[in-house]
Amino acid sequence: MAKEFLISVIIYFIYVFLKSGNSIHMLQQNKYNRKKTYLKWLAKNPAKGFKDYSIFFVLLIVFIFIGNLPLLILCFNVLYLILTANLLLERKKSQNKLPLKYTARVKRLIVTNTIVLLLPIIIMCFFVNEINLVYCYLILGLLAYLNCLYILIALLINTPVESLVGLYFKHKAINKIKSMKSLKVIGITGSYGKTSSKNILNDILNIKYNSMPTPKNFNTPFGLMITINNYLDKFTDVFIAEMGACQEGDIKELCDLVHPKYGIITRIGVAHLATFGSRENIQKTKFELIESLPSDGIGILNGDDEWQRSYKIKNNCKIKWIGIDSEDVDVRAKNITLSPKGTKFDCYFKGDDKPYQFETKLLGYANVYNILAGIALGIEFGMTIEQLQAGVSKVKPVEHRLELKRNGDITIIDDAYNSNPTGAKMALDVLKLMPGKHIVVTPGMIELGNEEYAKNKEFGMQIADCADEVVLVGAEKTKPIQDGLKEKGYDENKIHIINDVLKAFPLVQTLKENETYVLLENDLPDIFNEK
């Protein structure tokens, strides 16, 4: 009996090991269950975590009563062979938007999880017999069924190790920053536009300085530590730290790590409202950056953002205001003209009536604000108007942020990264400028708390004003957008609903005309797939 059981557990272990990879992937996308985000995701998506096993438990109940052990062993083996084959087939077909990143932390988690998986199997192999075989299979089936929760045991075991690792890299980063006495440190935060603002500022400052931004969206404590420890060197003049947050205190934690002297707040909106609880909490958290600056520091704020204008700053550092609509600002853009080739505008400085023209390949008002922030800080860094104009003209489009791409005879406006209400409206304004047929592809917006339905419905109404066809990804998630479209009397034959973004492009090919512009607005992580 032990021999037959050993064959069964080998087949079983291959399956649960592969299944654990899926669980770790979802755990990583949910920030390793920080603030119980992974458990909350499981609660909302039980079918994605608990599936494939109900038939096995039905079989076990049957075999408990009939006592046919050879048939039980055969069915167990066949079932897990089928499940393994099905899992491998699903992996081959699927194209994850955010594949599992095999970081050092993930590798440690895989090792610990493998030990945790093997432990009960090894114990059973020593004690299994004909009397308890059914119950051994029952325990294995239960552990496989609860695999998405079982992974949390390995996560818990590794917590002390991860804390020590984090502490080591934190002290290393702090000491390195302290040793670079002449380094200018800039912090950038906001509900959205952080990465675009960071990259734009970097391109502008690199005209005069050797500037180093945090790569991609490395905007967490670990992301900043990695950047400082691995990328900063003695030739770096400026370090630009993107700072993300999903709860109060997050920005303060990052400021305590890098001690910025300069700070930029992009816009304050409703992103991550579900975890912040209120817009007031979001506002307070973003201003943790400005209130962490030294007294001789400089903060760059947006005068067109009521949530920045209305805040009472608890710091006496220097504040420079930028804006488009507001007149009482230090740096203002006027006479903005947008075209498929980019954006032109006149820049005015407080106390100087002369306009200075700037040109950029970037699209949209959101990027104008980001450029103004770069210009304002560039002036404080001693850059000339000519240097700033050269820097702005050389700014490169940021990937997935109003990025123009050509795909055959279709022009794609790729705004797929983290959609938000203000940014989505600006993206639609860009789409309106383009000649030809307009198609919008979107799964809607998330993490907007109790405003999520209203904001997505409003988004649907805005889409109705500029799109000839709409492709919605996720029948359930996009119901608010559907309601907004219907309220505007949008032709239902022009609304196409799919549950997998991979089906969007073949569909667009059937909808296109000679000149077609497709706006990709937001691209939700795999944890939000409706498949």
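Treat the numbers as computed from the prediction; the structure is a model and nothing was measured. (Residues numbered from 1 in each chain as written. Predicted model: local features only at pLDDT ≥ 70, side-chain atom pairs only at ≥ 80, totals over all residues. Heavy atoms only, no water.)

Mind laying out the overall build of the chain, listing which residues take part and the relevant values?
Helix and strand counts for the chain stand at 20 helices and 15 strands. Burial statistics for the chain: of 531 residues in total, 52% are counted as buried. Long-range contacts, defined as pairs at least 24 residues apart, comprise 70% of the intrachain contacts of the chain with a sequence gap of at least 6. For the chain, the separation between the mean place of its 65 positive charges and that of its 55 negative charges on side chains is 6 Å. (Helix = DSSP H or I, 4+ residues; strand = E, 2+ residues; numbered from the N terminus. Buried < 20%, exposed > 50% of the residue type's maximum accessible area, 1.4 Å probe, protein only. Contact = heavy atoms within 4.5 Å. Lys, Arg positive; Asp, Glu negative; His and termini not counted. Charge placed at Lys NZ, Arg CZ, Asp CG, Glu CD.)

Before we move on, can you summarise a nonpolar patch on the surface with the specific residues and values?
Together, Leu118, Leu119, Ile122, Ile123, Phe126 and Phe127 make up an exposed nonpolar region whose accessible area comes to about 640 Å². Take Phe127: it is sitting in helix H6 (residues 104-127). With a relative accessible area of 59%, Phe127 lands in the exposed category. (Patch = residues over 30% accessible without salt bridge, like charges linked within 9 Å, V, L, I, M, F, W, Y side chains within 5 Å. Areas by Shrake-Rupley, 256 points an atom, 1.4 Å probe, with all protein chains shown as cover. Salt bridge = Lys/Arg side-chain N within 4 Å of Asp/Glu carboxyl O.)

Let's hear about the pattern of salt bridges: which residues, and what values?
In total, this model carries 23 salt bridges according to the counting rule given. Put simply, Glu469 and Lys494 hold a salt bridge, and the shortest N to O gap is 3.4 Å. Remark: Lys494 occurs in the loop between helix H19 (479-487) and strand S14 (495-498) and Glu469 occurs in strand S13 (residues 469-473); sequence separation between them is 25 residues. On the basis of relative accessible area, Glu469 is assigned to the buried category, the value being 4%. Taken together, the shared-partner salt bridges connect Lys318, Lys320, Asp330 and Glu380 into one network.

How would you sum up the packing of aromatic side chains? Please name residues and give values.
Scanning all chains against the criterion turns up 14 aromatic pairs. Following the ring pairs from residue to residue traces out a cluster consisting of Phe5, Tyr12, Tyr15, Phe76, Tyr80 and Tyr137. If you follow Lys184 out to its NZ or CZ, it ends over the ring of Phe381, 5.2 Å from the centre. (Phe/Tyr/Trp six-rings, centres within 6.5 Å; stacked < 30°, edge-to-face > 60°. Lys NZ or Arg CZ within 6 Å of the ring centre and 35° of its normal.)

Which residues make up the pairing of strand S6 (residues 318-323), and what values go with them?
The pairing of strand S5 (residues 298-302) with S6 spans 5 bridges and is classified as parallel. In the sheet register, Leu301 faces S6, and the bridge partner there is Trp321. Bridge count between S6 and strand S7 (residues 331-339): 2 bridges; the pairing is parallel. Bridging from a neighbouring strand, Ile322 pairs with Val331 of S7. (Pairing = 2+ DSSP bridges.)

As far as function goes, none of this settles anything; it's purely spatial.
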